[in-house]
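Breakdown of the fold
For reference, the chains in residue letters:
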Amino acid sequence: MRHRIGVLLIAAAFAGLAPAPAVLAQDASQTQSFSNQIEGLEVAEQGGAIYVRLTLREPLASPPASFSVANPARIAFDFPGTGNALGRNVQAIDQGDLRSANIVQAGDRTRLVLNLTRMSPYEARVQGRDLIIALSPAASRAAQGSVVSEAAANFAEPRAVAAATGGLAVRDINFRRGTGGEGRVVVDLSTPDTGIDIRQQGGNLVIDFLHAALPEHLRRRSDVTDFATPVTSMTAQQVGDRVRLTVTPNGLWEHNAYQSDNRFVLEVRRVAEDPTKLGGGRSDYKGEKLSLNFQNVDVRSVLQVIADFTDFNIITSDSVQGNLTLRLKDVPWDQALDIILQAKGLDMRKNGNVIWIAPGDELAAREKLQLEAKAQINDLEPLQTESFQINYHKAKEIFDFLKAKDQTMLSKRGSVVVDERSNKVFVTDVGSRLQALRRLVQEIDVAPRQVLIEARIVEASKTFARDLGVRLGVGGAFGRIVGYTEDGAPVRRSTLGGGLGATRTMAGQVAGVDDANPAGLNLNLPAGASNPGLLSMVLWNNSATRFLNLELSALDADGRGRLISSPRVLTANQVEALIEQGTEIPYEEATSSGATSVTFKKAVLSLKVKPQITPDGRLQLTIEVNKDSRGEDTRSGPAIDTKKVKSEVLIENGGTVVIGGIYEENETNSTQQVPLLGDIPVLGHLFKSNSRVSERRELLVFITPRIVSDALTLR
């Protein structure tokens, strides 16, 4: 994969305008043919701001189109139908952040490129025949940066950061396909002052918009494979006080980026593999092209030619000898130099604009001597002692780390002492190691972020029962004697339990009846419920010698229940927390000596969780939820009904997720009947008993984590 940073960004500034030598040497008559001309360029510095005044022959109706490039920092203005009458293409300035200006004329237009040391906000306005370009002073950017830093320290949420930074935000992110098949990522910003950092990370392009906020609806991963560009996906997320856009291309590609007012554009285009290119070697040569054709020439002379061509100072060692034959055409000068060095077994070291060339072994030996001398100096360097106040870690942990045998922070002469009472670490070592240790302590000794985890355990139950039964007795002259009338005549009938009391009341003539004895029943299939509803009927003739006793029992029971438990716990990032509530049930256990001892087993509601805040602001939880209760009693003691969920999940900040659920359904239907008689349609219900039981139970566990600020506490 080819990756060009500086060259492509420079190419973006000079796209289509890099003049050939013939264009640079155009005569004055061609310049006079333009309708307008740039006649003067002046630079002034006032109050820390840089002002560039361009004087034209004819006044402009409006400021010309412009765009900026983040890396390297450049601002470009296009003047259509305008020529360059300054008589020069480059002007050195070196005032403030403005290093130089390029005025390049090509075709029917002229481009002004301002080369900066770092990106600055700018504003252009027309004043008569002059175009005034104002570059904001560095002090204002520093003040803005301090406001941003203070806001980032006081507010954890991106919206608060955006408010404190004056509304710096990413308004929209779009993806388009260019006319040449390139992928184009277009980002609309709230202000052109937003700082932008572009870098390659692995096979991805990472663009950070500094001190900016990203709306919730733009925080997403977009699959753009269907656009048929080198870009397959892009991910936008909020990382601290910056917006990070990660672009994932595939294959061979190159990119360039530019900014125009509030719009930032990143273009990724496919690079076709050159079938004539030989395999191996570097592919990132960026020097100006040259041609060389020598036969048996001294290698020193070839190096002198390259030095004259590049204006570099080249120093060759006395051991550089030999002749060389080569033919190179339109080859970058750095590639030509690399080829010459490889052919003669040479190597080079560059320091500024000076290149030192010598055999590789000689350079390696010299560098080895330098490193050995530096190591000897470190051995003789005086030791210093510095104390480090540890605020958020335990000083003993830092001490154990520095005392480990595989640590590399301290030199072999260094030593460390810990004072646990004041939570300080005292280190004695050379100055360079103390400086590195100071940076390490600043990186790791930061206040831990707090996380509030709320669990909701919902138990819902629904029960339904239906019982239907019948008791039937038929009596006559040959029935069992159950009593006597007032005149002493026997009463023969079947008894029907509770229904018999009603019979005796209605008859008013039956005495000494045994209600509790159902032996006289012809059919005994009552409802199985404990307290069913009863309906009794007795039919008899005038002489009470033939009668029918009928008792119907029925029950409908419907129950619903819901139990909600909501434990909450506040803990630090990557610190395990536990909260529980319930009872401990005692058990008697026999020991080996024959005695008994009492032990306890918990039946509690508990929440155990360990959170980890990811760099993109989400939460990874290792969580365990228990919902135990006392069960039925056994000979060994009461049983424990256990419900437990243990999981590891990734959740958005403030989001809710169901980490577990248990659903139980139990349905029972039973029928008791007299054979054959119970199968008779309609009348068969008098010879059967039906029972139906339905139970449904459901358990759900909800988890909601939130990253909280220092001011938020449990309520």
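As a reminder, the structure under discussion sits directly above these lines.
Residues numbered from 1 in each chain as written. Predicted model: local features only at pLDDT ≥ 70, side-chain atom pairs only at ≥ 80, totals over all residues. Heavy atoms only, no water.

**Quick notes on the overall build of the protein**
Put simply, the rule is: Put simply, DSSP H or I for four residues or longer makes a helix, DSSP E for two residues or longer makes a strand, and each gets a number counted from the N terminus. The buried label goes to any residue with under 20% of its type's maximum accessible area, the exposed label to any with over 50%, and the partly exposed label to all in between, with areas taken from a 1.4 Å probe on protein chains only. By the convention used here, residues are in contact when the closest approach between their heavy atoms is within 4.5 Å. To measure how exposed things are, a 1.4 Å probe is used in the Shrake-Rupley method; for residues, cover is taken only from the protein chains shown.
On a plain count of helices and strands, the protein comes out with 11 helices and 42 strands. Out of the 715 residues belonging to the protein, those deemed buried represent 38%. When contacts within the protein are restricted to residue pairs at least 6 apart in sequence, those whose partners lie at least 24 apart make up 62%. Total accessible area on the protein is roughly 40,300 Å²; 50% of this is exposed by carbon and sulfur atoms.

**Side note on the pattern of salt bridges**
The test is simple: The working definition used for a salt bridge is a side-chain nitrogen of Lys or Arg within 4 Å of a carboxyl oxygen of Asp or Glu.
Applying the stated criterion across every chain yields a total of 29 salt bridges. One salt bridge connects Arg129 with Glu39, and the closest N-O pair in it is separated by 3.7 Å. Residue Arg129 is located in the loop between strand E9 (122–127) and strand E10 (130–135), and its partner Glu39 is located in strand E1 (residues 36–46); the two are separated by 90 residues in the primary sequence. On the basis of relative accessibility, which here comes to 38%, the residue Glu39 falls in the partly exposed class. The partner of Glu386 in a salt bridge is Arg438, with the nearest N and O atoms 2.7 Å apart.

**Things to note about the nonpolar core**
Condition: Joining through side-chain atoms within 4.5 Å is the link that ties buried Ala, Val, Leu, Ile, Met, Phe, Trp, Tyr and Cys residues into a set, and such a set is a nonpolar core.
Of all hydrophobic cores here, the largest spans 26 residues; its most connected members are Phe209, Leu245 and Phe264. Within the residue set of this core, elements represented by two or more residues are strand E11 (170–177), strand E12 (183–189), strand E13 (196–201), strand E14 (204–209), strand E16 (231–239), strand E17 (242–249), strand E18 (253–260) and strand E19 (263–270). In terms of nonpolar packing, the next biggest core, distinct from the first, is built from 22 residues, Ile457, Val569, Ile613 and Leu621 among them.

**Structural notes on the pairing of E17**
Under the convention used in this document: Any two strands between which DSSP finds at least two bridges are classified as paired.
Where E14 lies against E17, five bridges are found, and the strand directions are antiparallel. The residue bridging Ile207 from the neighbouring strand is Leu245, located in E17. In terms of strand pairing, E16 meets E17 through eight bridges, oriented antiparallel. When the sheet's bridge partners are listed, Thr235 is paired in E17 with Thr246. Here E16 hands over to E17 after two residues, with Gly240 in that stretch at a positive phi of 65°.

**Remarks on unusual backbone geometry**
With a phi angle near 50°, Asp330 is a residue other than glycine that sits in the positive phi range. Here Asp330 is to be found in strand E22 (residues 323–332).

**With respect to the sheet that holds strand E40 (residues 644–651)**
In any sheet, the strands associate via hydrogen bonds between backbone groups, in a parallel or an antiparallel arrangement. What counts here: Geometry is summarised by axes, namely lines fitted to C-alpha atoms with helices restricted to the contacting stretch, and by angles between N-to-C directions that run from 0 to 180 degrees.
With antiparallel pairing, the four strands of this open sheet are ordered in space as E35-E36-E37-E40. Where the open sheet ends on each side, the last strands, each with one partner, are strand E35 (577–590) and E40. Along the sheet, successive strands turn relative to each other by an average axial angle of 20°, direction set aside. Bridging between strand E37 (residues 619–627) and E40 involves eight bridges; their strand directions are antiparallel. By the bridge assignment for E40, Thr622 is matched with Glu648.

**Re the environment of Val302**
As for its placement among the helices and strands, Val302 is situated in helix H6 (residues 299–310). For Val302, a relative accessible area of 0% corresponds to the buried category. Counting along the chain gives 24 residues from Val302 to Leu326, while the straight-line C-alpha distance between them is 9.8 Å. Excluding residues within four positions of it along the chain, Val302 makes contact with Leu292, Phe294, Val297, Leu326 and Ile340.

**Some details on the side chain of Ser411**
Here is the rule we go by: Under the rule applied, a polar contact is a pair of N or O atoms within 3.5 Å (in protein, one hydrogen donor and one hydrogen acceptor; residues adjacent in sequence only if both atoms are side-chain atoms).
Checked against the element boundaries, Ser411 lands in the loop between helix H9 (395–403) and strand E26 (415–419). Exposure remark for Ser411: the relative accessible area of 18% places this residue in the buried category. Polar side-chain contacts of Ser411 include one of 2.5 Å to the side chain of Asp429.

**Some points on the sheet that holds E14**
Read across the sheet, five strands follow the order E13-E14-E17-E16-E15 without closing on themselves; strand pairing throughout is antiparallel. The two strands at the open ends of the sheet, each matched to only one other strand, are E13 and strand E15 (220–223). Neighbour-to-neighbour, the strand axes of this sheet turn through a mean angle of 15°, independent of strand direction.

**Things to note about H9**
Basically, it comes down to this: Starting at the helix axis, one direction is taken to each C-beta atom, and the arc is that of these directions.
By the burial criterion, the buried members of H9 are Ala395, Ile398, Phe399 and Leu402. Angular distribution of buried residues about the axis of H9 spans 100°; they occupy a single face of the element. Tucked into the core, H9 has its buried residues touching E26, strand E27 (424–429) and helix H10 (431–444).

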